[in-house]
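Listed below, chain by chain, are the residues.
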Amino acid sequence: MNKLRDLRKKNKVTVATLAEEVLNISSTYYYELEKGEKRLNETHLKNLADFYGVSTDLILGRAST
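Quantities reported herein were computed from a predicted structural model and do not represent experimental measurements. (Residues numbered from 1 in each chain as written. Predicted model: local features only at pLDDT ≥ 70, side-chain atom pairs only at ≥ 80, totals over all residues. Heavy atoms only, no water.)

To continue, consider the overall build of the chain. The secondary structure content of the chain amounts to five helices and zero strands. For the chain, the sequential pattern of α-helices and β-strands runs α-α-α-α-α. For the chain, the C-alpha radius of gyration of 10 Å lies close to 11 Å, the compact-globule estimate for 65 residues. Projecting the C-alpha coordinates of the chain onto the three principal axes gives extents of approximately 30 × 20 × 20 Å. Taking all contacts inside the chain whose residues are at least 6 apart in sequence as the whole, residues at least 24 apart take part in 47%. Looking at the chain as shown, the accessible area adds up to about 4300 Å², and 42% of this sits on carbon and sulfur atoms. Taking the average place of the 11 positive charges on the side chains of the chain and the average place of its 9 negative ones, the gap between the two points comes to 6 Å. (Helix = DSSP H or I, 4+ residues; strand = E, 2+ residues; numbered from the N terminus. Rg over C-alpha atoms; globule rule 2.2 N^0.38 Å. Contact = heavy atoms within 4.5 Å. Areas by Shrake-Rupley, 256 points an atom, 1.4 Å probe, with all protein chains shown as cover. Lys, Arg positive; Asp, Glu negative; His and termini not counted. Charge placed at Lys NZ, Arg CZ, Asp CG, Glu CD.)

To continue, consider the packing of helix α2 (residues 15–23) against helix α3 (residues 27–35). Relative to each other, α2 and α3 sit at 105°, their axes nearing to 8 Å. Overall, the two elements α2 and α3 adopt an arrangement that is roughly perpendicular. In this structure, α2 uses V15, A16, L18, A19, E20 and L23 to contact α3, whose residues at the interface are S27, Y30 and Y31. When the residues that make up the contact of α2 with α3 are grouped by side-chain class, the tally is seven nonpolar, one polar and one charged. (Axes fitted to C-alpha atoms, helices over the stretch in contact; angles between N-to-C directions. Parallel < 35°, antiparallel > 145°, perpendicular 65-115°, else oblique. Nonpolar A, V, L, I, M, F, W, Y, C, P; charged D, E, K, R; others polar.)

Attention now goes to the confidence of the model for the chain. For the chain, the mean per-residue pLDDT works out to 93, and 97% of the residues sit at or above 70. Taken element by element, the predicted model of the chain shows its lowest mean pLDDT in helix α1 (residues 2–10) (93) and its highest in helix α4 (residues 42–52) (96). (pLDDT = per-residue confidence, 0-100.)

Turning our eyes to something else, we now look at the side chain of R8. Within the secondary structure layout, R8 lies in helix α1. Those residues in contact with R8 that sit more than four places away from it in its chain are V13, T14, V15, L18, Y30, E34 and Y52.

As structure tokens, then:
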């Protein structure tokens, strides 16, 4: 999902920080989420929305910034 990468880069957050501290997953798994090879589960989606202070719709590409 390009939106995940865009949010991460815009907020200057490392993959390691997001993966390990926010989502409690491996960096490899997070990269797969960004590339669209894996799907976000509900918990990860909510955690990312809370971390970035945005709606889940924004992360899913259903709303604009």
